Each structure stands twice: as structure tokens, then as C-alpha cells.
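Letter by letter, the chains look like this.
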Amino acid sequence: MTIPSEVGDGTAAAAPADPPTSSRTPHPARSRQQTARSPQQKGAPAVVALVVVLVASFMELLDATIVTVAAPAIADGLGAGEATLQWTVAGYTLALGAGLITGGRVGDQFGRRRVFLIGLAAFAVASAACALAPDPAALVATRVAQGLAGGLMVPQVFGIIRSSFAPAARAKAFGAYGAVLGLASVAGPLLGGLLVDADAFGLGWRTIFWVNVPVAAVGFVLGVRFLPESNAAGRTRLDLPGAALAAAAAVCVLLPLVQGHEWGWPWWGFVLLALSVPVTALFLRRERRLVARGDQPVLDPGLLRVRAFSSGLAASALFFGAIGSFFLLLSLYLQYGTGRSALEAGAVILPYAVGSTLTSGIGVQLAARVGRLLLVTGSLVLAASQLLLLFAVRGGTEPAYWHLALPLFIGGLGLGLTSPSLVNVVLAGVPARDAGAAGGVLTTVGQVGNAIGVAVLGVGFFAALDASSSAGAPPLTAYADAFSSVLPWQIAFYVAAAALMLLLPKHTEALGGDRATTTVPEK
């Protein structure tokens with residue numbers, strides 16, 4: 001789900017959130033940042049420019065959505081183990097989050113059109129490499145490359161729209177952006193299942209990556225011709241060492257968690273986990289020094305003393321951590337456990353996307369008045385939906401379609417209430433001068449939480465699966481036991497996130513100042 005947040009004078013446009021990719025958000029624009037841009041587009045050139053960035057956004061979001069449905073086919077086709085499936089999702093998400101840290105500033109400095117086109121071309125090349133991957137390791141590496149390319153491409157979308165359209169037309173452009181993301185959320189599960197089951201040219205799951213290449217090629221050609229160039233009037237500085245330290249700390253957590261079960265929990269895995277603490281401390285020390293010198297850090301540690309921000313970070317990590325693993329594990333249960341095809345699994349997931357589509361626009365509209373209550377309600381609705389799903393899948397009997405679809409639809413309603421407004425409600429408690437930087441960090445933490453959720457809950461799922469299978473349980477019972485074992489943890493994540501959300505501002509106008517305005521629709 002992609003949830004762009006525009007800080008400052010952005011134009012609001014509501015759109016839905018989608019299931020599997022819960023926190024992918026273009027880097028918020030810097031508060032009150034001046035932009036040097038080309039003359040605003042009108043007529044056909046403006047329409048073509050908008051189509052280019054919308055198609056690229058649709059493609060990037062669709063790619064992550066499709067992968068969760070295609071995961072069992074990937075495992076069968078490559079002989080991939082559980083760790084590869086987790087890395088296929090988590091590696092992409094983590095790389096995207098790392099790219100978002102600096103992607104916005106790269107576009108500000110070197111030109112948003114240029115960086116967007118480089119990211120689009122790199123995304124196409126990485127997609128082709130994913131489709132050609134000969135083994136699991138190659139697939140994981142190319143998925144990481146895809147994520148990094150997306151981290152360059154996605155943050156430029158808002159800047160390009162803002163520089164291409166006058167304020168009156170900009171609202172319609174953001175509305176179209178939201179509608180396209182809503183379409184991607186609905187189309188993703190079904191298209192993924194359709195492509196896998198169709199097995200076009202005998203390519204099987206590889207078609208989910210090949211489909212990106214011609215789309216990106218056409219977008220690149222049109223982008224060269226019609227996209228306007230724009231950049232920040234002032235010069236920005238990139239904190240690449242800081243971004244690298246933050247990514248290293250995340251990898252120190254992810255690597256032993258994802259690989260530990262498959263590798264027999266080696267001693268060095270626990271060393272890596274422990275090493276994440278001093279690496280994080282080193283990162284914070286560097287950021288404090290940059291702030292003291294007046295430079296631009298990835299994270300101003302002083303923001304951690306702001307209650308709304310620190311609570312929002314923890315709530316975001318828990319909330320998106322629960323979502324991050326859910327669709328991968330659900331897809332495994334549906335296809336390996338109940339024997340559904342990829343297309344049938346996509347049809348089961350579809351009500352979730354429909355539910356989030358119905359409530360995301362309402363959530364954005366109500367956030368200004370009852371933002372905190374909205375977030376808490378949405379998170380608790382998600383917890384309730386997981387409880388209903390737990391009753392449906394436990395016991396080793398195959399649930400009927402509607403026994404699965406109803407809890408998923410309710411979960412989608414909860415996601416739509418919470419996800420599009422979370423960043424802006426948190427930013428309402430942050431000083432206006434820090435809103436841009438805080439929004440970027442929140443976005444990245446959501447991505448990292450997503451990846452860590454895949455790792456942590458994946459460990460529990462596969463451990464329970466092994467235990468049940470070793471006891472001689474049939475596939476339906478084994479996968480039902482495994483899925484049932486992680487649902488209580490997901491419920492706990494949502495309830496804990498709701499408790500932390502009680503510490504956030506009551507609404508997005510809590511401070512009444514120059515506050516962030518959501519241009520939404522993350523993933």
C-alpha cells in the first residue's frame with residue numbers, strides 16, 4: 001500500500017490502501033521548500049506526463065502485490081525454501097525503505113525527472129533480472145535491486161505532479177493518482193493469480209516480472225518526451241553514511257531471523273542480533289553530530305523526544321509489521337493448505353482490497369476532526385478481523401470462501417481507516433519545521449517494520465508448520481496450525497499499536513499551525 005504524504009501546501013486527494021504492501025510511501029516534501037521548476041504543463045503534454053507517473057506507480061505497487069500471490073509458484077519453480085520466500089518480500093521492502101530515505105533528496109538535487117527516469121529504467125532492468133533468475137539467491141538479489149530502483153522512482157512522483165500542474169488541476173491529478181493506486185490494490189491479487197495460472201509461453205511465475213518490462217519501456221520513452229524537469233531551489237545534502245548505518249542495523253536484525261530457522265540457528269546469528277544495538281547507537285551518534293553542524297541528517301534524534309513522533313514510530317512499526325507478513329502467510333495457507341490455485345487465492349484476498357477502498361477516502365476526510373479515534377478504531381477493527389479469521393481456519397477443516405472473505409473484508413475496512421491517515425496524525429504533533437524530515441522517517445520505519453514482521457512472524461509460522469508436519473498432520477491441518485499460531489501475535493500487534501495511538505494528537509489540526517496535508521491514497 002502506498003500512502004504518499006505531502007507536507008506543506010500539498011493538495012489533498014484520498015485513495016485506498018492495498019493489502020500486501022502496507023507502508024510504501026513517497027518521501028514527503030520538505031516543509032515550505034522552494035522548488036525551481038519548468039513552466040507548468042497544459043493540455044495533452046500534461047495528460048501524458050500524468051499518465052507516465054501513474055503507470056509507473058501502478059507498476060511498482062502491483063509488483064509487490066503480485067509476488068505474495070505468486071510465492072508458492074516461485075517456491076515450486078526454483079526449489080526455494082522458506083527463507084527465500086521471506087526474503088523475496090522482505091528484501092524488496094527493506095531496500096525500498098532504504099531508498100526512500102535518500103531518494104527524495106536525490107531528486108531535489110539532481111532533478112526529479114532525471115532521477116525518476118533512472119529509477120524507472122533500473123526498475124525495468126531489475127524486473128527482467130528477476131524473471132531470468134536461475135536460482136533463489138539470484139531472485140532475492142534482483143528483488144533487492146528492484147526495491148532500490150523503486151526507492152529512486154517513487155519519491156519523485158509528487159514533485160513531478162506538483163511542478164506539472166497548476167493548483168486547480170493538481171487536485172484532479174492527485175485524485176487520479178489515488179484512483180490508480182486503488183485499482184492496483186484490487187487488480188493485484190487477481191492479476192497475479194491469473195498470470196501464474198495462465199502460464200503464458202510456459203513462463204509460469206516469471207510473467208509477473210516480465211510484464212513490467214514493456215510497460216516501463218513505453219513509460220520511459222514518453223517520460224523523456226513529456227515529463228518536465230524540476231528540482232529544489234536550494235542545494236540539499238545526502239547523508240549516505242547515515243542511510244547505510246540504518247540499513248545495516250535492519251539487516252543485523254533481519255538476516256538471523258529469516259535465515260536462522262533454515263540454518264539451524266547458528267551462534268553468529270545471535271551475535272548479529274546483538275550487533276544491531278551498537279550499530280543503531282553509532283547511527284544516532286552520527287546523526288547528532290550532523291545536527292550540531294547544521295547538516296541534514298536522515299533522522300534528527302531530537303525528534304525522538306517528541307511524544308507524538310516516538311509513539312508514532314512504534315505504532316507504525318507494529319501496525320505495518322503485522323500487515324507485512326499476513327498476505328505471504330495467508331497465500332501459503334490458501335495454496336499449500338487448502339489446495340486453491342493462485343487465481344482462487346487472489347479471489348479470496350480481493351475482499352480485503354475492496355474493504356480498504358471503501359473506507360480510505362472516508363478516513364482521510366475524518367482525520368482532521370477525529371484522527372486519533374479513527375486510527376485506534378481501524379487498528380482494533382483489524383484485530384477483530386484476525387480473530388474472526390482465526391475461528392475460521394483453526395481445526396484443520398477447509399473453510400468456505402465466505403468464511404474467509406468476510407473477515408478479510410472487515411480487515412480491509414480497518415486498514416482503510418488507519419493507514420492513509422497515520423502519518424498526518426503523527427505529524428500533527430511534530431513542529432512544522434520538522435514535518436518533512438519526520439514524515440520521511442515515519443515512512444521508512446513503516447517499511448522496516450513491514451520487513452521485520454515478515455521475518456519475525458515467518459519464523460513462528462514455519463516452526464509451527466515443521467512441528468505439525470513432523471507429527472504426521474496432513475497439509476491442510478499443518479498449514480492451518482501454522483497460520484493459526486501467528487494470528488494471535490498479529491492481533492497483539494494491532495492491539496499494542498492501538499494503545500500507542502492513544503498517545504497521538506486527537507486530530508490533524510491539533511497544533512493549528514502550518515500542518516501536513518495528506519495527499520493519499522503504502523506497498
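Residues numbered from 1 in each chain as written. Predicted model: local features only at pLDDT ≥ 70, side-chain atom pairs only at ≥ 80, totals over all residues. Heavy atoms only, no water.

Any details on the overall build of the protein? Residues and values, ideally.
Per the secondary structure count, the protein includes 15 helices and two strands. By the burial criterion, 60% of the 523 residues in the protein qualify as buried. Surface summary for the protein: the accessible area is close to 18,200 Å², and the carbon and sulfur share equals 68%. (Helix = DSSP H or I, 4+ residues; strand = E, 2+ residues; numbered from the N terminus. Buried < 20%, exposed > 50% of the residue type's maximum accessible area, 1.4 Å probe, protein only. Areas by Shrake-Rupley, 256 points an atom, 1.4 Å probe, with all protein chains shown as cover.)

I'd love a proper account of the nonpolar core, names of residues and values included.
Counting 101 residues, the largest nonpolar core has Phe309, Phe319, Phe326, Leu330, Phe461, Phe483 and Met501 as the members making the most contacts within it. For this core, the element with the highest residue contribution is helix H11 (residues 307–337), accounting for 15 residues. Discounting residues that sit within four places of it in the chain, leucine 330 has contacts with Ile349, Leu408 and Phe483. Leu54, Leu100, Phe116 and Ala124 belong to the second-largest nonpolar core, a separate cluster that totals 29 residues. (Core = buried A, V, L, I, M, F, W, Y, C linked by side-chain atoms within 4.5 Å. Contact = heavy atoms within 4.5 Å.)

Kindly report on helix H2 (residues 82–110), identifying the contributing residues and their values.
With 29 residues, H2 should reach 42 Å at 1.5 Å per residue; the first-to-last C-alpha distance of 40 Å fits that figure. At leucine 100, H2 shows its largest kink, close to 40°. Of all 29 residues that make up H2, 27 are buried, and the element is covered over most of its length. In the segment just after H2, glycine 111 is the residue with positive phi, at about 105°. (Expected span 1.5 Å × (residues − 1). Bend = angle between axes of the 7 residues up to and from the residue.)

Which residues make up the confidence of the model for the protein, and what are the values?
Counting all residues, the mean pLDDT for the protein is 81, and 85% of those residues have values of 70 or more. Counted against residues more than four places away or in other chains, residues 1–35, with its pLDDT under 50, gives 196 contacts. The low-confidence segment residues 510–523, where pLDDT is below 50, has 81 contacts with residues more than four positions distant or belonging to other chains. (pLDDT = per-residue confidence, 0-100.)

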